[in-house]
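An overview of the molecular structure
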Amino acid sequence: MHKYLLAGCLSALALTPQAAAMTEQTALPPGEAKPAFIVPLVAKSLLTDVVEITGGQFVAVGDRGHILLSQDGTNWQQAQVPVQSLLTSVYFTDADYGWAVGHDATILHSQDGGKTWQIQQFLPETDKPLMDVYFFDRQRGMAVGAYGMFFTTNDGGNTWDKAFYLSLASVDDQEFLAELEETDPEGYLLERESVLPHFNRLIVAGQQVLMVGEAGFVAISEDAGESWRRLEAFYNGSLFDIHRTQAGTLLVAGLRGNLFRSTDNGESWQDIALPVSATLNSIFEDDSGKLYLAGNAGALLLSEDDGLNFVDQSQADGRAVLNGLAIAEQVLLVTEAGVKLTTINKSE
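Here the residue index of a chain counts from 1 through its sequence in written order. Owing to the predicted nature of the model, reporting of local features is limited to residues with pLDDT of at least 70; listing and counting of side-chain atom pairs is limited to 80 or more, with chain, interface and lining totals taken over all residues. Think of the side-chain values as coming from all heavy atoms in the structure, minus any hydrogens and water.

1. Let's talk about the pairing of strand S27 (residues 338-343)
Side-chain direction in a regular strand flips from residue to residue, so the side chains alternate between the two faces of the sheet. Strand pairing is defined by DSSP finding a minimum of two bridges between the two strands. Where helices and strands are cited, they refer to DSSP runs of H or I of at least four residues and of E of at least two residues respectively, numbered from the N terminus. One ladder, built from six bridges, connects strand S26 (residues 330-335) with S27; its direction is antiparallel. Residue pairing for S27: Thr335 is matched across the bridge by Gly338. Following S26, the chain reverses through two residues before pairing antiparallel with S27.

Okay, structure coming up:
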């Protein structure tokens, strides 16, 4: 199995043999897109991401092109989707306009709150997944993924342009590519297809964009992704999520329970000790500022002091948690075994 099949929202470690097998079965012949099957018990299948959109509706995505809709987090309806590729991320700008990305460099678009979806990009011949998607508004967006894949659009996804930013490469690779571009232009184009790390997650605040990925990669853009600065390395393992808290603190999470905290916009990082060593897949926050870490082996941790300390709330079933949302007194989790609503024991 390619290592990127286990990157980002699926982590760099296998979830379970069953989940790994499901992932491998989603492959399609080059150039062929087939609609996702409408199946019973879809809410118990592998799901990778979930968002709440305007109007109180939840949208979740996952294995085999599954996209699910719910008004209450308990009852889910499967949407009609034109691909069977594993979907890894979903984002909505408003109650109507949304995008989902995934394997086969797939980009899907909805204009009706997720009820129906259309293909904007499907490139199975690349054999690479997109891992995250973000739109500044209905027109300007970006999608990132394995091996430095980076696509941008300024027309709502009607056209997607492949982007390459030399500043996202390591210093050594920047020098190598600069020399290769002068001496071997054809080799330069081939080499830059594999020189960048996997890009796993984006967060955006105004014009500032932060991105994390493989091998401790963290980068920042102050102009909505037009230019980038790669931050000084502080960890050599993969990072799967980044989050800015309501207090302005940055957290990044990754392999083997590694969590780092920065109060100076990523210029320096503090290693945060955790009560678990499972790979961490996502970070999310509720309206009151309580922070949650979700990860493999049922890992679920809670912080009520802006990420300095975490209490173990891990799930007894041991199912990998890929992402989640805090809703009222519960958290809605998407896991390798589908949707789960659970109550968190918060401190007095």
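From this point, things continue past the structure.
2. Notes on unusual backbone geometry
Even without being a glycine, Asp127 presents a positive backbone phi close to 55°. Here Asp127 shows up in the loop between strand S8 (118-121) and strand S9 (130-135).

3. Let's talk about the confidence of the model for the chain
Summary statistics for the chain give a mean pLDDT of 91 and a share of 90% for residues scoring 70 or more. Scored below 50 in pLDDT, residues 1-9 makes 34 contacts in the model with residues more than four places away or belonging to other chains. pLDDT measures how confident the predictor is about each residue, on a scale from 0 to 100. Throughout, a contact is declared for two residues whenever any of their heavy atoms are within 4.5 Å. Below a pLDDT of 50 lies the segment residues 11-30, which in the model reaches 45 contacts outside its immediate sequence neighbourhood of four places, other chains included.

4. Let's talk about the side chain of Asp286
As for its position among the elements, Asp286 is in the loop between strand S21 (280-285) and strand S22 (291-295). In this structure Asp286 comes out as buried when scored by relative accessible area, which is 9%. The cut-offs for exposure are 20% and 50% of the maximum accessible area for each residue type, with area from a 1.4 Å probe on protein chains only; residues under the lower value are buried, those over the upper are exposed, and the others partly exposed.

5. Remarks on the packing of aromatic side chains
Aromatic pairs are defined between Phe, Tyr and Trp rings, using the six-membered ring for Trp, whenever the two ring centres lie within 6.5 Å; interplanar angles under 30 degrees are classed as stacked, those over 60 as edge-to-face, and all others as tilted. All told, the structure shown has 15 aromatic pairs when counted by the stated rule. Judged by centre distance (6.0 Å) and plane angle (75°), the ring pair of Phe150 and Trp228 falls under edge-to-face. Of this pair, Phe150 sits in strand S11 (residues 150-153) while Trp228 sits in the loop between strand S15 (218-221) and strand S16 (229-230), and the two are 78 residues apart along the sequence. Of the two residues, Phe150 and Trp228, both sit in the buried class. Each residue in the set Phe150, Tyr165, Phe199, Phe217 and Trp228 is aromatic and connected to the rest through ring pairs, giving one cluster.

6. Regarding the nonpolar core
General note: in soluble globular proteins, nonpolar side chains tend to be found buried as a group. In this description, a nonpolar core means a group of buried Ala, Val, Leu, Ile, Met, Phe, Trp, Tyr and Cys residues linked to one another through side-chain atoms lying within 4.5 Å. Counting residues in hydrophobic clusters, the biggest one holds 22 residues, and the most contacted among them are Phe150, Leu168, Phe199, Leu202, Met211 and Trp228. Every element with two or more residues in this core is listed here: strand S10 (141-145), helix H2 (171-183), strand S13 (199-205) and strand S14 (208-213). In this structure Phe199 touches Met131, Val144, Gly145, Gly148, Met149, Phe150, Leu168, Met211, Val212, Gly213 and Phe217, once residues within four positions along its chain are discounted. Ranked by size, the runner-up nonpolar core spans 17 residues in total, among them Val59, Val61, Val81 and Val90.

7. Comments concerning the environment of Phe176
Mapped onto the fold, Phe176 is located in helix H2. Through-space distance from the C-alpha of Phe176 to that of Asp241 is 29 Å; in sequence the pair is 65 residues apart.

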